[in-house]
Amino acid sequence: QHLATWWSLYQTKYYRLLLEEQTERAAMISTAKSNLLKVILSHRSNRFFSLPSFKKGEFRIPSHNSNKVCTPDDAVSLISANDTICVSGFVGQGSPDLLLKALADRYERECNEGVHEGGLKDLTVLFGGGPGDWDSRGLNYLAKIPSGNNINEQSTAAAKSMIKRAIGGHYGQVPLLGNLATSNQIEAWTLPMGSISRMIRAQATHSPGHITTVGLGTYVDPTPGIGVGGAANELALASPLHQELVTKISIGFGPTADAMKADYLMYKALPIQVAIIRATTADSSGNLSFEHESLLCDQRIIAAAAANSGGVVLAQVKRICETGSLPSRAVGVPGAMVDCVCVVDESEHDVYHPMSYTKRSDPVLYGKIRSPVEDVPKMQLNERKIIARRASFALKPGKVINLGIGLPEGIASVAGEEGQLQYVTLTTEPGVFGGLPASGKEFGPSSNADALVEMNEMFDFYDGGGLDMCFLGAAQISPQGDVNVSRMSAEKLIGPGGFIDISQSTRNISFLCTFTAKGLDIDCDGAEGKIKILKEGKIKKFVNQVYERTFSGEEAVRRGQQVYYVTERAVFRRTASHDVIELIEIAPGVDLQKDILDQMEFEPIISPNLKQMDERIFRHEKMEIELFGSLKDRVTYHEGDHVIFIDLTGISLASEDEVRWLGRSLDLILHPITKERGPVDAIVNYDGFDCKSGLEEAYADAVEALSSRHYKSVKRYSFNAFRRAKLKTMASVEALNAKSLFREWDEDNTGSLSPLQLRAGVREHFGIRLKQAELDTLCKDGVTLRNFTDILLEVMSKFE
């Protein structure tokens with residue numbers, strides 16, 4: 001039956017390859033079929049085999065045989081020279097280590113036996129998050145150089161590594177693979193993680209590639225003088241693939257397409273011959289479920305891309321179940337896509353199938369249970385907390401946010417301490433909505449998450465403008481506001497991860513870093529509300545030129561993004577008003593010349609309205625940030641329709657006194673209106689509103705009193721629906737005050753709005769997400785105060 005399984009597998013792959021017109025690989029499979037047939041014939045007389053008889057040269061497969069379970073060695077034996085291998089996993093999460101080690105072991109055996117021709121060589125590795133343990137596991141297995149007494153000189157010279165090229169989003173946790181790249185032993189590219197994710201999806205649909213604006217103006221841009229198309233070394237630059245991997249194209253839309261052309265990058269879809277993925281459970285038909293995996297790392301689209309390329313899908317799981325016992329809705333990858341299932345022995349789960357490299361298993365992170373601990377650990381008052389505190393002033397209720405790894409993680413702690421965390425939605429790029437993101441080497445999943453989607457789906461959401469704001473780290477900052485996080489020197493390869501996708505698609509961006517690095521020592525006693533620099537770091541962060549441009553300040557201005565650079569002693573911004581970043585805030589106790597200007601390699605613009613950073617940032621006590629403002633600011637009356645809007649977002653009533661306060665306050669606000677014109681129609685936003693247990697009756701009485709005195713009707717909505725109802729009622733431009741809105745949205749005082757500024761303003765104020773085609777139409781003649789009223793009327797017409 002074991003041999004019959006392989007015959008069935010070869011037969012299926014043979015016809016799939018013929019359909020794909022991959023004749024060369026089909027011929028290789030045909031040879032393998034012939035060799036297997038010889039093995040079967042030589043064992044027919046063996047009493048341990050019970051094989052069906054041959055009829056007219058046909059080997060008839062038993063109809064009950066659908067078992068795809070095999071050993072790791074058998075699975076990796078299907079991998080051939082020149083194959084492209086795509087591996088699932090994200091940073092320290094979900095690495096299919098059993099299969100990766102089996103592949104490395106096979107290569108070492110072949111080297112020891114002097115096998116080179118026909119053996120493993122010239123493999124291409126494609127990955128996004130690049131699973132690894134920052135040492136020797138994960139993708140690091142594939143980069144190891146074999147050693148052994150039987151390795152002959154010819155084979156060693158011919159193939160030091162089985163890898164020919166690597167295309168990845170992040171190499172930080174796979175240093176052995178990164179070392180092969182920096183030593184120019186393999187071709188290597190570093191591309192945006194979201195673009196790699198969609199490159200794989202494009203291959204699954206046989207599309208030519210992923211087309212996007214992500215990467216324009218950065219080192220990924222192939223335009224001479226701007227970037228290098230993501231190439232990480234000389235071998236990549238000289239490779240024939242380099243001219244095709246990332247290309248710049250211009251696309252026009254509509255009847256005036258030539259006049260409306262815009263630049264895009266296309267990331268080429270690559271055929272994938274081998275998918276190596278990981279799941280929790282499989283049945284013998286290959287159906288996979290992911291109940292103990294902390295993330296969904298694109299396993300489904302990786303499997304689809306390989307299957308539709310005529311390749312093989314190898315899956316690693318921790319347990320096996322009976323065919324048909326997995327509920328259909330629990331199946332993440334259908335068995336029809338899977339060729340081999342390798343089960344990790346329970347005794348080896350800690351080695352080859354832990355949830356991550358730092359935790360064997362955590363049901364909170366994979367969503368089985370919720371943690372009762374809602375409090376976030378409080379940070380010490382140091383430079384990290386100071387930076388996180390200043391950045392947290394940007395937080396607003398109802399916003400969707402991405403926090404980068406490192407310094408930005410502190411914002412979650414500060415938001416928890418200030419009571420803000422429950423009113424915002426934190427996300428991470430591998431697909432997590434809500435909860436508290438894990439930090440450090442555990443980065444990726446979240447405790448008490450609200451939802452989990454695939455990574456390619458999350459980047460769809462990000463690239464479409466789903467994020468309201470993001471907080472990212474920065475290693476170097478240039479005069480133009482360019483930021484480098486992807487590579488600091490020729491000797492160490494890191495990569496951008498999801499940084500480029502996130503930073504180029506989000507309207508409000510804050511980059512966080514200390515002013516200097518390596519040795520910085522500050523004094524902040526928390527009592528006087530100021531900071532003192534005791535010792536500067538050896539490395540300056542504000543430099544004349546970044547080593548690699550991961551974020552473009554000029555591109556941000558073109559897109560109309562709000563960009564801030566937050567440090568422990570100063571805050572800068574990049575606007576269209578200046579070609580150089582502008583210093584807008586300075587910490588109390590800091591000397592402008594000695595502590596700021598002398599620690600920069602260039603001179604910034606100093607704002608004529610230079611402000612002092614809020615002293616609360618530098619004190620031990622809570623800052624008590626006013627997240628929601630006053631109740632009076634939450635009530636809006638539309639006189640034309642006699643409708644009142646009451647926004648109760650985030651209000652929490654914990655005592656009868658607070659219930660009485662809310663009732664009395666609303667009564668005082670409503671009384672002058674209803675006294676003159678009678679009862680009003682009320683529209684109330686209850687999103688995030690909370691009335692503690694035991695106060696229901698008191699609150700109901702307060703609402704009844706308000707209704708009897710002031711309300712003709714009441715409608716209750718959540719956040720976005722409330723804003724849309726409010727817009728629908730505001731049927732006149734006069735009610736919107738177009739001139740005031742234009743000035744508010746034109747933050748750079750340029751007299752015109754960029755498409756991104758218009759899109760963000762419409763979404764912020766009215767809850768409307770404009771599609772790209774709609775945005776292009778609205779902005780075809782530019783957006784100035786002269787035509788802004790007409791544009792608003794066109795937007796509002798959607799709700800007539």
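Heads up: the structure comes first, above all this text.
None of these values were measured; they are calculated from a predicted model. (Residues numbered from 1 in each chain as written. Predicted model: local features only at pLDDT ≥ 70, side-chain atom pairs only at ≥ 80, totals over all residues. Heavy atoms only, no water.)

(A) Focus on helix 23 (residues 738-745). Of the positions making up helix 23, those classed as buried are Ala-738, Leu-741, Phe-742 and Trp-745. Buried residues of helix 23, seen end-on, are gathered within an arc of 100° and therefore sit on one face of the element. (Buried < 20%, exposed > 50% of the residue type's maximum accessible area, 1.4 Å probe, protein only. Helix = DSSP H or I, 4+ residues; strand = E, 2+ residues; numbered from the N terminus. Arc of directions from axis to C-beta.)

(B) Layout of the side chain of Ser-285. Counting through the fold element by element, Ser-285 comes out in the loop between strand 11 (281-283) and strand 12 (288-289). At 3.4 Å, the side chain of Ser-285 forms a polar contact with the side chain of Thr-323. (Polar contact = N/O pair within 3.5 Å; in protein donor to acceptor, adjacent residues only side chain to side chain.)

(C) Looking closely at the sheet that holds strand 10 (residues 274-278). Spatial ordering of the open sheet is given by 6-5-4-3-10-13-15, a layout of seven strands whose pairing is parallel. This sheet does not close on itself; its edge strands, each paired only once, are strand 6 (187-190) and strand 15 (340-343). Shown here is a sheet whose adjacent strand axes are inclined to one another by a mean of 15°, direction ignored. Helix-sheet contacts for helix 4 (residues 97-112) involve strand 3 (84-87), strand 10, strand 13 (312-317) and strand 15, and the interaxial angle to strand 13 is about 120°. The strands touched by helix 11 (residues 299-307) are strand 3, strand 10 and strand 13; relative to strand 10, the strand with the most contacts, the crossing angle is about 160°. (Pairing = 2+ DSSP bridges. Axes fitted to C-alpha atoms, helices over the stretch in contact; angles between N-to-C directions. Contact = heavy atoms within 4.5 Å.)

(D) Summary view of the nonpolar core. Ranked by internal contacts, the top residues of the largest apolar core, which has 113 residues, are Leu-191, Leu-288, Phe-511, Phe-572 and Ile-596. It is helix 11 that contributes the most residues to this core, six residues altogether. Membership of the second largest hydrophobic core comes to 43 residues, among which are Ala-166, Tyr-171, Cys-342 and Tyr-352. (Core = buried A, V, L, I, M, F, W, Y, C linked by side-chain atoms within 4.5 Å.)

(E) Looking closely at the pattern of salt bridges. As enumerated under the stated definition, the model contains 32 salt bridges in all. Glu-585 is paired through a salt bridge with Arg-390; the nearest N and O atoms lie 2.7 Å apart. Taken together, the positions of Glu-585 in strand 32 (residues 582-586) and Arg-390 in helix 13 (residues 383-392) put the pair 195 residues apart, joining distant regions of the chain. For Glu-585, a relative accessible area of 13% translates into the label buried. Classification of Arg-390 by relative accessible area gives buried; the value is 16%. For the salt bridge of Glu-568 with Arg-569, the shortest nitrogen-to-oxygen distance reads 2.8 Å. For the pair Glu-568 and Arg-569, one class covers both residues: buried. Each member of the salt-bridge network shares a partner with another, and the members are Arg-198, Arg-201, Asp-460 and Asp-463. (Salt bridge = Lys/Arg side-chain N within 4 Å of Asp/Glu carboxyl O.)

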